[in-house]
Amino acid sequence: QKEVEQNSGPLSVPEGAIASLNCTYSDRGSQSFFWYRQYSGKSPELIMSIYSNGDKEDGRFTAQLNKASQYVSLLIRDSQPSDSATYLCAVTFPSGAGSYQLTFGKGTKLSVIP
Amino acid sequence: DVKVTQSSRYLVKRTGEKVFLECVQDMDHENMFWYRQDPGLGLRLIYFSYDVKMKEKGDIPEGYSVSREKKERFSLILESASTNQTSMYLCASRKGVRDYGYTFGSGTRLTVV
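All of these numbers come straight from a predicted model, not from anything done at the bench.

What counts, and where the lines are drawn
- Residues numbered from 1 in each chain as written.
- Chains lettered and ligands numbered in written order.
- Predicted model: local features only at pLDDT ≥ 70, side-chain atom pairs only at ≥ 80, totals over all residues.
- Heavy atoms only, no water.
- Helix = DSSP H or I, 4+ residues; strand = E, 2+ residues; numbered from the N terminus.
- Rg over C-alpha atoms; globule rule 2.2 N^0.38 Å.
- Buried < 20%, exposed > 50% of the residue type's maximum accessible area, 1.4 Å probe, protein only.
- Contact = heavy atoms within 4.5 Å.
- Areas by Shrake-Rupley, 256 points an atom, 1.4 Å probe, with all protein chains shown as cover.
- Lys, Arg positive; Asp, Glu negative; His and termini not counted.
- Charge placed at Lys NZ, Arg CZ, Asp CG, Glu CD.
- Polar contact = N/O pair within 3.5 Å; in protein donor to acceptor, adjacent residues only side chain to side chain.
- Buried area = accessible area lost by both parts, 1.4 Å probe.
- Phe/Tyr/Trp six-rings, centres within 6.5 Å; stacked < 30°, edge-to-face > 60°.
- Lys NZ or Arg CZ within 6 Å of the ring centre and 35° of its normal.
- Pairing = 2+ DSSP bridges.
- Axes fitted to C-alpha atoms, helices over the stretch in contact; angles between N-to-C directions.

(A) Fine view of the overall build of chain A. Of regular secondary structure, chain A possesses zero helices and 11 strands. Its helices and strands taken in sequence order, chain A reads β-β-β-β-β-β-β-β-β-β-β from the N to the C terminus. Relative to the globule expectation of 13 Å for 114 residues, the C-alpha radius of gyration of chain A, 14 Å, shows essentially globular dimensions. Structurally, chain A occupies a C-alpha span of about 50 × 30 × 20 Å along its principal axes. Of all 114 residues assigned to chain A, the portion counted as buried reaches 44%. A separation threshold of at least 6 residues defines the contact pool for chain A, and within that pool the share at least 24 residues apart is 54%. Per element, the accessible surface of chain A, about 5,300 Å² overall, is 47% carbon and sulfur. Measuring between centres, the 10 positive side-chain charges of chain A sit 5 Å from its 10 negative side-chain charges.

Right, here's the structure in full:
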């Protein structure tokens, strides 16, 4: 069973703080991990991808991956009100015949308070 | 800029109608997907296609069918619309390799009355 688990939130942080979003997944064989941001009424937008254990930084965003613990996280530094959105964790699972699909978590709603 | 275009942003249809949702991508992507998204249920995969003429059932295919006659176009068909198919429908595409994420269209909010 392919499962991606996220705390639904809402997670509230003050402006300027670090927001920490967490995700666990069920399949040790997963190789690719993604974070999407979804504003209310809009479609998901890819913001980070990570494939190897450790940290990957892009501007104010840092993705962290620990395959042994089956855990991936997203840190947002210097959080801004414009970061208020739902963040979806997505994990690649093999789906047979050499193909791969993304399975999405249900998302964590982040609110950044001015 | 790469794009996935869904033909309608909002759609209202009557129960029992046959409904066509169109999705076109200009990225020469092999893989295309249809999801629906409902509050509290997250993204649920309806159908996907790995290449032209190919289609596979996702997690919730009942009441839906798809067509992929050309690489750039993937259509979702509601054979006989019902009120429980009122939802946000999202199309996505991806290059046919493992380490790529999906690019989503802007979505179609379908209301069946």
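Here the narrative resumes, following the displayed structure.
(B) Quick peek at the overall build of chain B. Counting secondary structure elements, chain B contains zero helices and 11 strands. For chain B, the succession of helices and strands along the chain, N to C, is β-β-β-β-β-β-β-β-β-β-β. For a compact globule of 113 residues, the expected C-alpha radius of gyration is about 13 Å, and chain B comes in at 13 Å, within 12% of that figure. Within chain B, buried positions represent 49% of all 113 residues. Counting contacts in chain B only where the partners sit at least 6 residues apart, residues at least 24 apart contribute 55% of the total. Of the charged side chains in chain B, 18 are positive and 15 negative, and the gap between their average positions amounts to 4 Å.

(C) Focus on the environment of Arg9 of chain B. Summarising the element assignment, Arg9 of chain B is placed in the loop between strand S1 (4-6) and strand S2 (10-13). Once you skip the residues sitting within four places of it in the chain, Arg9 of chain B turns out to touch Gly41 of chain A together with Met88, Ser106, Gly107, Thr108 and Arg109 of chain B. Here Ser106 of chain B takes part through its backbone oxygen, which lies 3.3 Å from a polar atom of the side chain of Arg9 of chain B.

(D) Just the interface of chain A and chain B, in detail. The interface is formed by 19 residues belonging to chain A together with 21 residues belonging to chain B. Buried surface at the junction of chain A and chain B, summed over both partners, amounts to about 1,600 Å²; 53% is from carbon and sulfur atoms. Ranking the residues of chain A by area buried against chain B places Tyr100, Gln101 and Phe104 of chain A at the top, with a combined share of 29%. Scanning the region where chain A abuts chain B turns up five residue pairs in polar contact (both at pLDDT 80 or more).

(E) Molecular detail of the packing of aromatic side chains. A full pass over the atoms with the stated rule returns 14 aromatic pairs over all chains. Pairing Tyr35 of chain B with Phe104 of chain B gives two aromatic rings, centres 6.2 Å apart and planes at 50°, and the pair type is tilted. Taken together, the residues span a long stretch of sequence, with Tyr35 of chain B in strand S4 (residues 31-38) and Phe104 of chain B in strand S10 (residues 103-104) at a distance of 69 residues. For the pair formed by Tyr35 of chain B and Phe104 of chain B, the shared burial category is buried. Among the aromatic residues, those joined into a ring-pair cluster are Tyr36 and Phe104 of chain A together with Phe33, Tyr35, Phe48, Tyr50, Tyr102 and Phe104 of chain B. When the ring centre of Phe61 of chain A is taken as reference, the NZ or CZ atom of Arg60 of chain A above it lies at 5.7 Å. Against the face of Tyr10 of chain B rests Arg9 of chain B, its NZ or CZ located 5.5 Å from the ring centre.

(F) Seen up close, the pairing of strand S7 (residues 64-70) of chain B. All names here are of chain B. One ladder, built from five bridges, connects S7 with strand S8 (residues 73-78); its direction is antiparallel. Paired with Ser65 across the strands is Ile77, a residue of S8. Joining the antiparallel neighbours S7 and S8 is a turn of two residues.

(G) Summary view of the sheet that holds strand S7 (residues 61-66) of chain A. Residues and elements named next belong to chain A. Here we have five strands laid out as an open sheet, ordered S1-S3-S8-S7-S6, and antiparallel in their pairing. Since the sheet does not close on itself, it has two edges, and those belong to strand S1 (4-6) and strand S6 (54-58), each with one partner. Across the sheet, the mean angle separating the axes of adjacent strands is 20° when strand polarity is ignored. Summarising the sheet, S6 and S7 pair through five bridges and their orientation is antiparallel. In the sheet register, Gly54 faces S7, and the bridge partner there is Leu65.

Don't take any of this as a statement about function, it's just geometry.
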